Amino acid sequence: MFGLMQEHPLLVASIIQHAARHHGQTEIVSRLLDGATHRTTYAAMERRARRLARVLQGLGIRPHDRVATLAWNSFRHMELYYGISGMGAICHTVNPRLSPDDVAYILDHAGDALLFADTSFTALIEAAAAKLAGGLRAVVLLATPEQMPPLALPPGIAVLCYETLMEAADETFVWPHFDERTAANLCYTSGTTGRPKGVLYSHRSIMLHTMAENAAAVFGLRPGDRVMPVVPMFHVNGWGSAYAAPSMGAALVMPGRHLDGASVTRLMNEERVTVSAGVPTVWLGLLAHLRASGERLATVRRLIIGGSACPPALIEAFDREYGITVEHAWGMTETSPLGTFNTPIDLAGEDAAAALRRKARQGRAIFGLDMRIVDDEGRELPWDGVTSGNLQVRGHWVCSAYYGDAPGSALTGDGWFTCGDVATISPDGNMEITDRSKDVIKSGGEWISSILLENIAVAQPGVAEAAVIAAAHPKWDERPLLIVVPRAGTEIDPAALLAGYRGQVPNYWIPDAVVMLEELPHSATGKISKLDLRRRFRDYLLTRAADD
Ligand code: ADP
């Protein structure tokens, strides 16, 4: 016997319809490319998203067509999220930090018919368009007619103005109903391990992820919150903020392109931001700015951090110096992205050091997703907080195959997705990533966690950023090499830095040498690019040994 409850397909457009109807006056504030501040409301945005659906129809877009975006976080990017997916087409967010070659590759691979782009990307678009195999019909620049920059494209690709098209469209579009399993968004992994691969989210997966993200134990957004997604909307749907905030009636503050500490501080204070989400590099930059300038964040209560491991020193510093809670999350493009969340709790009788270690772990699986660790033969490993293994997940918003591949082809025979991360899980279910599989350092047959060594380095005074990579070694195969960026105006003594590891890790974990750099290379998603560092410093110890 079936239940007798209503059934409505889980469709993304229902989020903006809800926000427009029940939180219509709640704001979306955007810092635009020219530095101006733009304000709109959910009610107005929903009307503009319907207008956009008309524009898309006028440009020949049909359900299931792919429409690309190349844009910073702004109200226009929100309109694209809802207008494109809402009419049944697929919103393909392209990462502008990728090379023109990769951008051309993914536009072709996705078969995008249109590209909506911010005006700051004209050089990238010209370079990528020259390499395109075909299929792209037009580039629509997100601008008013007065703001249109010159853009030289190959014949067959038109250049159009977003606001001119919007002006000419009407608002009579009615959000359609269709199967909730229909594809809504497409996001490519940043290709740190080869060509980018497309992850194709469905309306259903996005809706379930949104509900899970809004649980009190996770983002827990609510009316009155003012949410600033520092993480770009082209990085795994901005970790879902553009869905989670309107669904709960929380305001959105879109930072645009300037994500340095000073710009972020100014906007957070001006717009009374309460919650924000971003990668560690951004929060390290913010912390450095606050310390140097003496400024404070007047309204921010929580910073959500993920994308790379959060150094415990960052959690401690924001808490002690600024009264702000840092909440650590783990996920990936293939998991929409939320997989685990370390909800802040206090445990009776726990000392401060143990509490900090616990808070720095990546957290428990959120409801709707399951995880396990397995050995190389696929046998499940114990949750003892010590045994490390390959992390696997399954759930409602975990990818089953990459775009263009056979259904289920990204899964193990028993239906799990292998994340490419090495992790431990404590008896109470708190997971800790010890490394990406390809970053693990194998020294004389023992595994050394690069993340743990980096966390210890950034806790040292004078260290702004640190990376530990596997350097080739004649005797041990690989040994850890510590690469650090000193804080502005500080001198670092390598011997003292290495001495700081004593007593914190087994002696054989202590890096063999320290390299100082003025800055570390970052990937297209703002993470330290260990691939680049390995290319440059893989033979550092061998060369040094030869020189000695
Ligand atoms: P890419 O880094 O290739 O752009 P993703 O953004 O999908 O792709 O990154 C997913 C990976 O980022 C995870 O598999 C994991 O290695 C790493 N990651 C994400 N969050 C965390 C975290 N909180 N701690 C450690 N690693 C993390």
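None of the values given here were measured: they were computed from a predicted structure.

Strand order in the open sheet made by the four strands is β17-β18-β19-β20, with antiparallel pairing throughout. Looking at strand neighbours, the two that pair on one side only are β17 (369-374) and β20 (431-436), the edges of this open sheet. Averaged over all pairs of adjacent strands, the angle between strand axes in this sheet comes to 50°, irrespective of strand direction. Taken together, the five bridges between strand β19 (residues 417-425) and β20 define a ladder with antiparallel strand orientation. Its bridge partner being in β20, A423 is matched across the sheet by I433.

Further remarks concern the site of the ligand. Around the ligand, the surrounding shell holds 19 residues, and the nearest of these are S190, T333, D421, R436 and K527. A distance of 2.7 Å is found between a nitrogen atom of the ligand and a backbone nitrogen or oxygen belonging to A329. Against a free-state accessible area of 570 Å², the protein chains account for coverage of 95% of the ligand. Elements that contribute at least two residues to the shell around the ligand include exactly β14 (325-331), β19 and β20. Tallying contributions element by element places β14 first for the shell around the ligand, with four residues. When grouped by side-chain class, the residues that make up the shell around the ligand number six nonpolar, ten polar and three charged.

Tallied over the entire structure, the rule returns 33 salt bridges. The partner of E270 in a salt bridge is R31, and the shortest N-O contact between them spans 3.2 Å. Of this pair, E270 sits in helix α9 (residues 261-270) while R31 sits in strand β1 (residues 27-31); the two residues are 239 residues apart in sequence, bridging distant segments of the chain. Connected through salt bridges with shared partners, the residues E27, R39, R226 and E271 form a single ionic network.

Attention now moves to the sheet that holds strand β7 (residues 158-161). In space, the seven strands of this open sheet follow the order β7-β6-β5-β3-β4-β8-β9, with mixed pairing throughout. Since the sheet does not close on itself, it has two edges, and those belong to β7 and β9 (198-202), each with one partner. Taking each pair of neighbouring strands and ignoring which way they run, the sheet shows an average axis angle of 25°. Of the strand pairs in this sheet, strand β6 (residues 138-141) and β7 are connected by four bridges, and their pairing is parallel. Looking across to β7, one finds that A138 is bridged to A158. Taken strand by strand, helix α4 (residues 100-110) contacts β3 (66-70), β4 (90-93), β5 (112-117) and β8 (183-188), and its axis lies near 155° from that of β8.

Residues M78, Y82, F116, M268, W283 and F318 are the most contacted members of the largest nonpolar core, which totals 116 residues. If you tally residues by element for this core, the top one is helix α2 (residues 42-58), at seven residues. Grouped together as the second largest cluster of nonpolar side chains are 31 residues, A68, I125, A129 and L186 included.

So, about the side chain of N185. Within the secondary structure, N185 sits in strand β8. In this structure the side chain of N185 is engaged in a polar contact, spanning 3.1 Å, whose partner is the side chain of N237. Once residues within four sequence positions are removed from consideration, N185 is found in contact with Y81, S85, I90, C91, V199, L200, Y201, I206, N237 and Y243.

Attention now goes to the side chain of S30. Its place among the elements puts S30 in strand β1. Classification of S30 as buried rests on a relative accessible area of 1%. There is a polar contact of 3.0 Å between the side chain of S30 and the backbone nitrogen of F75. Excluding its chain neighbours within four sequence positions, the residues that come into contact with S30 are A36, T37, H38, S74, F75 and M254.

In terms of domains, the chain is made up of domain 1 (37-208) and domain 2 (439-547). The straight-line distance from the C-alpha centre of domain 1 to that of domain 2 is 40 Å. Contacts between the two partners involve five residues from domain 1 and, on the opposite side, five residues from domain 2. With both sides pooled, the region where domain 1 packs onto domain 2 buries about 360 Å², and carbon together with sulfur makes up 58% of that total. Where domain 1 meets domain 2, there are two residue pairs in polar contact (both at pLDDT 80 or more). Along the lines of polarity and charge, the residues of the side of domain 1 that touches domain 2 split into one nonpolar, three polar and one charged.

What follows concerns empty space enclosed by the protein. Throughout the structure, instances matching the rule amount to three cavities of 30 Å³ or more. The volume enclosed by the largest cavity comes to roughly 40 Å³. In this structure, the largest cavity is lined by Y201, S205, I206, H209, T210, N237, G240, Y243 and S336. Ranked by the residues each element gives to the lining of the largest cavity, the list is headed by helix α7 (residues 203-213), at four residues.

Turning our attention to the packing of α7 against helix α8 (residues 241-248). Where α7 contacts α8, the axes come no closer than 9 Å and their chain directions differ by 65°. Of the two elements, α7 crosses α8, and the hand of that crossing is right-handed. Counted together, I206, T210 and E213 of α7 and S241, Y243, A244 and S247 of α8 form the full contact between these two elements. Split by residue class, the contact of α7 with α8 holds three nonpolar, three polar and one charged.

Below, the discussion takes up α2. Across its 17 residues, α2 extends 24 Å between first and last C-alpha, which sits within 8% of the 24 Å expected from 1.5 Å per residue. When you tally the buried positions in α2, you get 13 out of 17 residues, the bulk of the element. Positive backbone phi, at 85°, marks G60, one or two positions downstream of α2.

A word on unusual backbone geometry. Put simply, S336 and P337 share a cis peptide bond, and its omega is 10°. Residue placement: P337 occurs in the loop between β14 and β15 (338-341). One non-glycine residue, N237, lies in the positive phi region at around 55°. Mapped onto the elements, N237 comes out in the loop between β10 (226-229) and α8.

Basis of the calculations
- Residues numbered from 1 in each chain as written.
- Predicted model: local features only at pLDDT ≥ 70, side-chain atom pairs only at ≥ 80, totals over all residues.
- Heavy atoms only, no water.
- Pairing = 2+ DSSP bridges.
- Helix = DSSP H or I, 4+ residues; strand = E, 2+ residues; numbered from the N terminus.
- Axes fitted to C-alpha atoms, helices over the stretch in contact; angles between N-to-C directions.
- Near = heavy atom within 4 Å.
- Polar contact = N/O pair within 3.5 Å; in protein donor to acceptor, adjacent residues only side chain to side chain.
- Areas by Shrake-Rupley, 256 points an atom, 1.4 Å probe, with all protein chains shown as cover.
- Nonpolar A, V, L, I, M, F, W, Y, C, P; charged D, E, K, R; others polar.
- Salt bridge = Lys/Arg side-chain N within 4 Å of Asp/Glu carboxyl O.
- Contact = heavy atoms within 4.5 Å.
- Core = buried A, V, L, I, M, F, W, Y, C linked by side-chain atoms within 4.5 Å.
- Buried < 20%, exposed > 50% of the residue type's maximum accessible area, 1.4 Å probe, protein only.
- Domains from an automatic or database assignment.
- Buried area = accessible area lost by both parts, 1.4 Å probe.
- 1 Å grid on protein atoms, 1.4 Å probe; cavity = no way out; pocket = protein on both sides within 12 Å on 5 of 7 lines; lining within 4 Å.
- Points joined across faces, edges and corners; volume = space filled by probe spheres on them.
- Left-handed = near helix turned anticlockwise from the far one by under 90°.
- Expected span 1.5 Å × (residues − 1).

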